[in-house]
Amino acid sequence: MLGVVPSPTLVSDAVADRLRLFLHRMRRESEDYGPDAAALVDSAADTLVGGKRLRARFCHAGWQAVARFDDRRAEETTALWDVCAALEVFQSAALVHDDIIDNSDTRRGRPAAHRALEGTHRDAGWRGDAAAFGRSSAILLGDLLVAWSDDLLEDAIGDLPHAAAVRREYGRMRRDVTVGQFLDIAEESAWSVHATDSHVERALRVVSFKSARYSIEQPLVLGAAIADGGEEQLDALRRFGHPVGMAFQLRDDVLGVFGDAAVTGKPAGDDLREGKRTVLVALTRQTLEASARNLFDEMLGDPELTAQQVSFLQATIAESGALDRVEHMIGEYAVEADRALSGARLDNAAVGDLRDLARAATVRSA
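Residues numbered from 1 in each chain as written. Predicted model: local features only at pLDDT ≥ 70, side-chain atom pairs only at ≥ 80, totals over all residues. Heavy atoms only, no water.

Draft legend 1. Representation of the overall build of the chain in the model. For the chain, the helix and strand inventory stands at 16 helices and 2 strands. For the chain, the C-alpha radius of gyration of 21 Å lies close to 21 Å, the compact-globule estimate for 366 residues. With the C-alpha coordinates aligned to their principal axes, the bounding extent of the chain is approximately 60 × 60 × 35 Å. Counting all 366 residues of the chain, 52% fall into the buried class. (Helix = DSSP H or I, 4+ residues; strand = E, 2+ residues; numbered from the N terminus. Rg over C-alpha atoms; globule rule 2.2 N^0.38 Å. Buried < 20%, exposed > 50% of the residue type's maximum accessible area, 1.4 Å probe, protein only.)

Okay, structure coming up:
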């Protein structure tokens, strides 16, 4: 049974408040752009609705682990909540671009941003290719969200004496996830020229840069940096956050193949249609005979896969033992993360919260 996840409502509500104020300001400052640009600003605001606020929650948890180690009554500051909000804005940017790259039609059960903008073009009766407009506009939308996240960050840390440390961590996060996204794209083609027994290691590198550091480790360290944490404290949070992030993405990969569309908000087997070269796929291919592997490769990445073909690939993955091996890896990463917290100079109550957050991130159905 899952533990009680620390204050998800508190974090979500606080972030929502900061985003509401920020969006009000952005709308006011965007009035000079004219009515056509309002569609872009509205689309940016729409991407910030919903979501698990995972990065904000880990940022808050990192702050709490350090700030309340020295002062149990330390209270959250506007700077903390604004950095949490900046993380969520950057996450929205990443998702907008991710959906273009993956040709995904939906996000959180609603049209993906490029599809929504395509609809805006069509509803307005404009001339030209609505789909091309949607894709091009969504690229710019993602860029706008990145700019907004920078604005929020700078607003948040401008008066902090240790702002440079926070800025360095945020910059590293942006670089890592951008390169990680490229590695993910590259692997969908590069796998074919590399030995099969190297594919798991290559897939794990993608997991580390695209997700583990960005989703868990760096938000934790950002929160700790806002609290002016020492190097020993930041190191403990890194050693905890990275394996949690690895387990989080491996769980996401499992859900991308076997998840319930009604829960995940994305079609069942979407990762199979997109041809994602995940650890799950790499482990499966290692066990297959040449003819079966060739058939598997031929089907993987076909956007027109039928429900029956998806079921066939799901069965192949499960029967190969790859699913069980990934579940075992998730468990091992969870143990590694738990050990990193033992004896760490972090607030005891916050350590318990971190463990609950780790369970919630890795044992989930969406």
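Draft legend 2. Structural detail: unusual backbone geometry. Phi at Arg-53 takes a positive value of approximately 55°, unusual for a residue other than glycine. For Arg-53, the location among the structural elements is in the loop between helix 2 (35-47) and helix 3 (54-70). In this structure, Asp-228 takes a positive phi of about 60° despite not being glycine. The exposed category is assigned to Asp-228, whose relative accessible area is 52%.

Draft legend 3. Molecular detail of the pattern of salt bridges. As enumerated under the stated definition, the model contains 29 salt bridges in all. We note a salt bridge from Arg-239 to Asp-235, for which the minimum N-O separation is 3.0 Å. Here Arg-239 pairs with Asp-235, and both are found in helix 9 (residues 231-258), just 4 residues apart, close to one helical turn. Residue classification places Arg-239 among the partly exposed positions, given a relative accessible area of 41%. You can call Asp-235 partly exposed: its relative accessible area is 34%. Where Asp-356 meets Arg-359, a salt bridge forms, and the shortest distance between an N and an O atom there is 2.2 Å. Remark: Arg-359 and Asp-356 occur in helix 16 (residues 348-362); sequence separation between them is 3 residues, near one turn of the helix. Asp-356 gets classed as buried once you look at its relative accessible area, which sits at 12%. Assessed through its relative accessible area of 35%, Arg-359 is described here as partly exposed. (Salt bridge = Lys/Arg side-chain N within 4 Å of Asp/Glu carboxyl O.)

Draft legend 4. Structural context of the confidence of the model for the chain. On average, the chain scores 93 in pLDDT, and the residues at 70 or more come to 97%. Across residues 1-6 the pLDDT falls below 50, and counting only partners more than four positions away or on other chains, this stretch makes 13 contacts in the model. (pLDDT = per-residue confidence, 0-100. Contact = heavy atoms within 4.5 Å.)

Draft legend 5. Fine view of the nonpolar core. Of all hydrophobic cores here, the largest spans 47 residues; its most connected members are Val-15, Cys-59, Leu-145, Trp-148 and Tyr-170. Every element with two or more residues in this core is listed here: helix 1 (8-29), helix 2, helix 3, helix 4 (78-101), helix 5 (113-123), helix 6 (130-157), helix 7 (163-190) and helix 8 (199-226). Apart from the residues lying within four places of it in its own chain, the contact partners of Cys-59 are Leu-80, Val-83, Cys-84, Leu-87, Pro-219, Leu-220, Leu-222, Gly-223 and Ile-226. In this structure, Ala-203, Leu-280, Val-281 and Leu-283 belong to the second largest nonpolar core, which totals 29 residues. (Core = buried A, V, L, I, M, F, W, Y, C linked by side-chain atoms within 4.5 Å.)

Draft legend 6. Here's a closer look at the packing of aromatic side chains. Applying the stated criterion across every chain yields a total of 4 aromatic pairs. Ring centres of Phe-90 and Tyr-214 lie 5.8 Å apart, and the angle between their planes is 70°; this geometry places the pair in the edge-to-face category. One end of the pair, Phe-90, is in helix 4; the other, Tyr-214, is in helix 8, with 124 residues separating them in the sequence. An identical accessibility class is assigned to Phe-90 and Tyr-214; each is buried. Consider the rings of Trp-126 and Phe-133, whose centres lie 5.5 Å apart with planes at 85°: the pair is edge-to-face. Through successive ring pairs, a cluster of aromatic residues spans Phe-90, Tyr-170 and Tyr-214. (Phe/Tyr/Trp six-rings, centres within 6.5 Å; stacked < 30°, edge-to-face > 60°.)

Draft legend 7. Spatial organisation of helix 2. With 13 residues, helix 2 extends 19 Å from end C-alpha to end C-alpha; this agrees with the ideal 18 Å at 1.5 Å per step. Listing the buried residues of helix 2 in full gives Val-41, Ser-43, Ala-44, Ala-45 and Thr-47. (Expected span 1.5 Å × (residues − 1).)

Draft legend 8. View of the packing of helix 3 against helix 4. Closest axis-to-axis distance for the helix 3/helix 4 pair is 8 Å, and the angle between their directions is 150°. Considered as vectors, helix 3 and helix 4 are oriented roughly antiparallel to each other. Both helix 3 and helix 4 take part in a crossing whose hand is right-handed. For the pair helix 3 and helix 4, contact is made by Leu-54, Arg-55, Ala-56, Cys-59, His-60 and Trp-63 and by Leu-80, Trp-81, Val-83, Cys-84, Leu-87, Glu-88 and Gln-91, respectively. For the contact of helix 3 with helix 4, the residue count by class is 9 nonpolar, 2 polar and 2 charged. (Axes fitted to C-alpha atoms, helices over the stretch in contact; angles between N-to-C directions. Parallel < 35°, antiparallel > 145°, perpendicular 65-115°, else oblique. Left-handed = near helix turned anticlockwise from the far one by under 90°. Nonpolar A, V, L, I, M, F, W, Y, C, P; charged D, E, K, R; others polar.)

Draft legend 9. Focus on the environment of Val-254. Mapped onto the fold, Val-254 is located in helix 9. Take Val-254: its relative accessible area is 7%, and that puts it in the buried class. Discounting residues that sit within four places of it in the chain, Val-254 has contacts with Gly-259, Leu-280, Leu-323, Val-326 and Glu-327.

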